[in-house]
Amino acid sequence: MRAQLKEFNDIIEMEQKNLLSTNYFTNCLRFHGLEEKKITVLNKSSESFYEKEETLNLAGSIDANFKFDKIKPKIGIPLFVSGPPGNGKTTVTARIATELTVLKKKVTVITTDSIKAGACEQLNSICKILKLKLNIAQTPKELLEIINQNKDSIILIDTPAINYLSENEINDFIDFKKNLESETLLVLSALSNPLEASDISKTFLNIGVSKLHITHTDCAKRLGVILSPPIGKRMSICDISN
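Residues numbered from 1 in each chain as written. Predicted model: local features only at pLDDT ≥ 70, side-chain atom pairs only at ≥ 80, totals over all residues. Heavy atoms only, no water.

Q: Would you mind going over the packing of aromatic side chains with me for this structure?
A: A ring pair, where both rings are aromatic, is described by two values, the distance of the centres and the angle of the planes. Tallied over the entire structure, the rule returns one aromatic pair. Measuring from ring centre to ring centre gives 6.0 Å for Phe 80 and Phe 173, while their planes differ by 90°; the resulting arrangement is edge-to-face. One end of the pair, Phe 80, is in strand E2 (residues 79-82); the other, Phe 173, is in helix H7 (residues 167-177), with 93 residues separating them in the sequence. In this structure Phe 80 comes out as buried when scored by relative accessible area, which is 0%. (Phe/Tyr/Trp six-rings, centres within 6.5 Å; stacked < 30°, edge-to-face > 60°. Helix = DSSP H or I, 4+ residues; strand = E, 2+ residues; numbered from the N terminus. Buried < 20%, exposed > 50% of the residue type's maximum accessible area, 1.4 Å probe, protein only.)

Right, dumping it as structure tokens:
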């Protein structure tokens, strides 16, 4: 009888611990604005981890369901830097170019953004400091010509901001990428609505974008945008920046 009672108490204690863990994860993830569907998946996944600290179980669950990587541009493979308006894609392009130049890498910077006022000027100012030429491509044909002339370098392409609800803007972006072996980095601000960011990530994933970078992390205490890609490791979360 005592053994049965002890076993029963152990079961109750385990259930209470699981409930506390679930509440901890749920409250934490809700605070950061994650979708309920993702919260459910991450809670379920956390049951596979048995660390003493609950935060480590949550970390293990996130690591098991999301892919993390570095921004690693390749020689001769253009890296398009894209995203919605105001998320910092031009700044990210300039930062990557700066880091590569400091490392003595050969870099080609291209912009296809002739729409936003001051976009070319901002990037051109950085390029002048780095002693790089800013190449401007207004058509897919012009872009292809510049790329073919610079295959021996790391090629960074700053694109116009894309409204993910605009079919025309998405199609324009696709036209520039068409028939190119390339990679695309989606740039989203930590200040974005996490649910909206999730929809944006899905839209970009559907047009072949597989990398995500988060900006403005110093301006937000809710960071659910970092986990905006769909669960399943199809889109890599590549670094964060202020």
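Okay, back to it.
Q: Honestly, the environment of Asn 124 in this entry has me stumped. Any pointers?
A: Of note, Asn 124 is situated in helix H5 (residues 119-129). Under the relative-accessibility criterion, Asn 124 is labelled partly exposed at 28%. For the pair formed by Asn 124 and Glu 167, sequence separation is 43 residues and the distance between their alpha carbons is 29 Å.

Q: In this structure, what is going on with the environment of Lys 211? I would like to understand it.
A: Considering the arrangement of structural elements, one finds Lys 211 in strand E7 (residues 211-215). As a C-alpha pair, Lys 211 and Thr 184 span 27 residues in sequence and 6.5 Å in three-dimensional space. Excluding its chain neighbours within four sequence positions, the residues that come into contact with Lys 211 are Asp 69, Glu 183, Thr 184, Leu 185, Leu 186, Met 235, Ser 236 and Cys 238. (Contact = heavy atoms within 4.5 Å.)

Q: Sorry if this is basic, but what is going on with the side chain of Ser 153 here?
A: Along the polypeptide, Ser 153 turns up in the loop between helix H6 (140-149) and strand E5 (154-158). Overall, the relative accessible area of 0% leaves Ser 153 in the buried class. Here Thr 108 takes part through its side chain, which lies 2.7 Å from a polar atom of the side chain of Ser 153. Residue contacts for Ser 153: discarding those within four places in its chain leaves Ile 75, Gly 76, Lys 106, Val 107 and Thr 108. (Polar contact = N/O pair within 3.5 Å; in protein donor to acceptor, adjacent residues only side chain to side chain.)

Q: How do you make sense of the nonpolar core when you look at a structure like this?
A: Buried together is how nonpolar side chains tend to be arranged in soluble globular proteins. Ranked by size, the top nonpolar core spans 38 residues in total, and within it Ile 110, Leu 143, Leu 186 and Leu 188 carry the most contacts. Counting residues per element, this core draws most heavily on helix H8 (residues 194-206), at four residues. With sequence-adjacent residues up to four places away left out, Ile 110 is seen in contact with Leu 134, Asn 135, Ala 137, Leu 143, Ile 146, Ile 147, Ile 155, Leu 156, Ile 157 and Asp 158. Counting 20 residues, the second-largest nonpolar core is a separate cluster that includes Ile 71, Val 107, Leu 130 and Cys 238. (Core = buried A, V, L, I, M, F, W, Y, C linked by side-chain atoms within 4.5 Å.)

All we've got here are geometric facts, nothing functional implied.
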